[in-house]
Structures are given as C-alpha cells and as structure tokens.
Amino acid sequence: MTKQRAFLKWAGGKYNLIESITAVLPEGNKLIEPFVGAGSVFLNTDYPKYLLNDVNPDLITLFKFVKRRPKRFIEDARKLFCMANNTPEAYYALRQQFNASTDPYERSLLFLYLNRHGYNGLCRYNLSGQFNVPFGQYQRPYFPQAEIEFFAEKAQRATFTCMGFEQVFRRARKGDVVYCDPPYAPLSLTANFTSYACGGFGMDDQTELARRAEHTARKRGIPVVISNHDTEFTRLLYKKAELESLQVARFISPKGDSRGKVAELLALYQHDRNNVVALTPEIRPELRKRLR
C-alpha cells in the first residue's frame, strides 16, 4: 500500500513511523485514536471503522467539513493560497480574522491556510485561546488537494469527536483497537516539568493514560498501543507493557534548523499477556521521585 500523507503539517506526525506502528497494531473492527492529530495512522491503516478524536475543536471541525463537502471546501480553500496572501501583512491579517471569527466554516478554511503558511506547521494558541504561530516565510506554500480528497474519501468510515481521552476510552468495545499518540513527555525530566504540564498534559495525565491503557487491555480485552519518547520516565510508566524502541529523525533545536535522532517508544498492552499488570498507586510516588 502506498503511504499517504496528511493534508495538514503536524508537529510529531507519525508519517515516518507508519511501518513500525502498523507492525504493532493488532487487527480489529475499529481503530480508536484519542489523539488523532493530522491523522497519519488513520490514513495508512485499513480498519473497517474509525473513531478519531482530538481536544482541538478547530481540528475536528475542519475534518468534519472535509468529510461532508470536500469539493466545496477545496474550491473555497484554494482561493486563500495565492501570492497576495503569502506575505507577513496578509498572514497576520488572516490570522486576526481567524481569531475573531465565530463561523465554523470560515475558521476551518483559515485553519488550513494558517497551517500551511505558518512557521513549521505549528498549531499553538495563547492562554486567551488566540492562534499565535508566526508567519512561516515559505516561497510557495503547497495546496494539498490530492491529500484532502483522499482524506475525505476515507473519512466516510470515520466518526469524529472532540472530548477528553478518558471519555474516548469509555467508548471502546471488544473487537476495537486503541492507538494513542499523546503530547510527548519531555526528554529531560527536571524542574521544567512543571512548566511543561502547563501545556495541558502533565505527569498525572501521562500516568492516567497508562493506567487506562492497562485497564482497557487487561480488564476489557481491548488492545492499546501508546507512542511516546523513550526515556527513563516512560519506561517506568509503561514497564508492564511490551516495549519497542525506535530511532526517529526529528528537529531537536528550538530554532528547528537541525535534525537529530531521538528515541521513541511503542508500548503495547494486550489482555492475553501475563506481564500486563495494573499501574498501582505505589508506582506514582516512584515516578514523582524521578522528577525531583
């Protein structure tokens, strides 16, 4: 099967890890993704049904419009991809228009424009909920028509939701498979972890996700796969899962101008494995000690 790229640029996207992830994912009736992002795993697997979730309402609303009316969306979005809009002045004016808009369709069109014209394909909001990614200065931003068309066709198998991962896990049923690509734990667990947690997915969230994955696999018979950085923290967190370490090329400097190999981890929880046991309360203090 030819690998398919997502129509959105996405930090931490899984396009380059598709072969490793699909090799670990069990077969099932439906793939559930609580953290779908741009959807590379969805696009490169072949389950009969999908439940695709993200806490970003702009992302999920965009996906719903693309699913329902791809031709109209492509026609309208293409108008934004012109040389006149590829300047800092135009970008910041359209970014302001996006932030001021309450119209879901207008926001979806502008979200794609901002994704392709903004710096490094980042998706970032300030504390007031305003999109604040700076202009990307690309010579000719790519309009992903073919990728949108492929996504729209495959999305006919998918249901899109916008809720917390805990709620998504409750919707899983026997025969489903869950793949989780959460916001990654930091590579270095220092005092900076507190500021990292302000981004909305801290140590307690990482721990709760691991606990729910173990419970879902062991008690409910639903396999769960989680991606994360390969660190001492995550190995402790997932120590009762089957682990596979991968080397992945990623931007590693804050300026985004240098690449390096970063180790990533795939943790597989399955109900029929004897070594999958509960993440007990005793593990939590041990995790906290590592963060001091």
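Because the structure is a prediction, the values reported are computed rather than measured. (Residues numbered from 1 in each chain as written. Predicted model: local features only at pLDDT ≥ 70, side-chain atom pairs only at ≥ 80, totals over all residues. Heavy atoms only, no water.)

**Regarding the overall build of the protein chain**
Next up, step 1: Helix and strand content of the protein chain: 12 helices and 7 strands.
Next up, step 2: Here the protein chain, with 292 residues, has 52% of them falling under the buried criterion. (Helix = DSSP H or I, 4+ residues; strand = E, 2+ residues; numbered from the N terminus. Buried < 20%, exposed > 50% of the residue type's maximum accessible area, 1.4 Å probe, protein only.)

**As for the packing of aromatic side chains**
Next up, step 1: Taken as a whole and judged by the stated rule, the model has 21 aromatic pairs.
Next up, step 2: Both rings, one in phenylalanine 73 and one in tyrosine 105, keep their centres 6.3 Å apart while their planes meet at 80 degrees; by these two values the pair is edge-to-face. Here phenylalanine 73, found in helix H4 (residues 70-78), pairs with tyrosine 105, found in helix H6 (residues 104-117); they are 32 residues apart in sequence, far enough to count as distant. Considered together, phenylalanine 73 and tyrosine 105 belong to a single accessibility category, that of buried residues.
Next up, step 3: Plain terms: the ring middles of tyrosine 125 and phenylalanine 131 are 5.7 Å apart, the flat faces sit at 85 degrees to each other, and that makes the pair edge-to-face.
Next up, step 4: With a relative accessible area of 28%, tyrosine 125 lands in the partly exposed category.
Next up, step 5: Taken together, the ring pairs in this structure connect Phe7, Phe42, Tyr47, Tyr50, Phe63, Phe151 and Phe160 into an aromatic cluster. (Phe/Tyr/Trp six-rings, centres within 6.5 Å; stacked < 30°, edge-to-face > 60°.)

**Side note on the pairing of strand E5 (residues 224-229)**
Next up, step 1: For E5, a buried count of 6 out of 6 residues is recorded, marking the element as mostly surrounded by other parts of the structure.
Next up, step 2: Pairing analysis gives 3 bridges linking strand E4 (residues 176-180) to E5, with the strands arranged parallel. Across the sheet, the residue bridging to valine 178 is valine 224, located in E5. (Pairing = 2+ DSSP bridges.)

**Details of the side chain of lysine 154**
Next up, step 1: The residue lysine 154 is located in helix H7 (residues 145-154) in this model.
Next up, step 2: For the buried lysine 154, no salt bridge exists, and the shortest N-O distance to an oppositely charged side chain is 5.2 Å, to aspartate 46.
Next up, step 3: Apart from the residues lying within four places of it in its own chain, the contact partners of lysine 154 are Phe42, Leu43, Asn44, Thr45, Asp46 and Tyr50. (Lys, Arg positive; Asp, Glu negative; His and termini not counted. Salt bridge = Lys/Arg side-chain N within 4 Å of Asp/Glu carboxyl O. Contact = heavy atoms within 4.5 Å.)

**Some remarks on the pattern of salt bridges**
Next up, step 1: A full pass over the atoms with the stated rule returns 10 salt bridges.
Next up, step 2: The partner of aspartate 176 in a salt bridge is lysine 30, and the shortest N-O contact between them spans 4.0 Å. Of this pair, aspartate 176 sits in strand E4 while lysine 30 sits in strand E1 (residues 30-33); the two residues are 146 residues apart in sequence, bridging distant segments of the chain.
Next up, step 3: Among the residues examined, aspartate 176 registers a relative accessible area of 6% and is labelled buried.
Next up, step 4: Across the salt bridge formed by arginine 157 and aspartate 46, the nearest N and O atoms sit 2.8 Å from each other.

**Side note on the nonpolar core**
Next up, step 1: Of all hydrophobic cores here, the largest spans 55 residues; its most connected members are Phe7, Leu8, Leu25, Phe63, Phe73, Leu112 and Phe151.
Next up, step 2: Broken down by element, this core gets its largest block of residues, 7 residues, from H6.
Next up, step 3: Judged by nonpolar contacts, the second largest core, of 27 residues, contains Ala217, Val224, Ile226 and Leu237. (Core = buried A, V, L, I, M, F, W, Y, C linked by side-chain atoms within 4.5 Å.)

**Description of the environment of leucine 209**
Next up, step 1: Tracing the backbone through its elements, the reader meets leucine 209 in helix H10 (residues 203-220).
Next up, step 2: Of the residues examined, leucine 209 reaches a relative accessible area of 0% and is grouped as buried.
Next up, step 3: Sequence spacing of leucine 209 and glutamate 166 is 43 residues, and the spatial spacing of their C-alpha atoms is 7.9 Å.
Next up, step 4: Residues contacting leucine 209, with those up to four places away along its chain left out, are Phe35, Phe165, Phe169, Cys180, Pro182, Phe201 and Ile226.

**Focus on the UniProt feature "binding site: S-adenosyl-L-methionine" (unreviewed entry) in the protein chain**
Next up, step 1: Following the UniProt record, one finds the feature "binding site: S-adenosyl-L-methionine" (unreviewed entry) at Trp10, Lys14, Asp54 and Asp181.
Next up, step 2: For aspartate 54, the location among the structural elements is in the loop between strand E2 (49-53) and helix H3 (57-68).
Next up, step 3: Among the secondary structure elements, aspartate 181 is positioned in the loop between E4 and helix H9 (193-197).
Next up, step 4: Contacts of aspartate 181, omitting those with residues within four sequence positions, involve Gly12, Lys14, Phe35 and Ser227.
Next up, step 5: Side chain to side chain, aspartate 181 and lysine 14 meet in a polar contact 3.0 Å long. (UniProt positions renumbered as here; feature names shortened; annotations may be inferred. Polar contact = N/O pair within 3.5 Å; in protein donor to acceptor, adjacent residues only side chain to side chain.)

**Some remarks on helix H5 (residues 88-100)**
Next up, step 1: Between its terminal C-alpha atoms H5 stretches 18 Å, which fits the 18 Å expected from 13 residues at 1.5 Å a residue.
Next up, step 2: The inward-facing, buried residues of H5 abut H3 and H6. (Expected span 1.5 Å × (residues − 1).)

**A look at H4**
Next up, step 1: Among all positions in H4, only Phe73, Ile74, Asp76 and Ala77 are buried.
Next up, step 2: Contacts made by the buried residues of H4 are with H3, H6 and H7.

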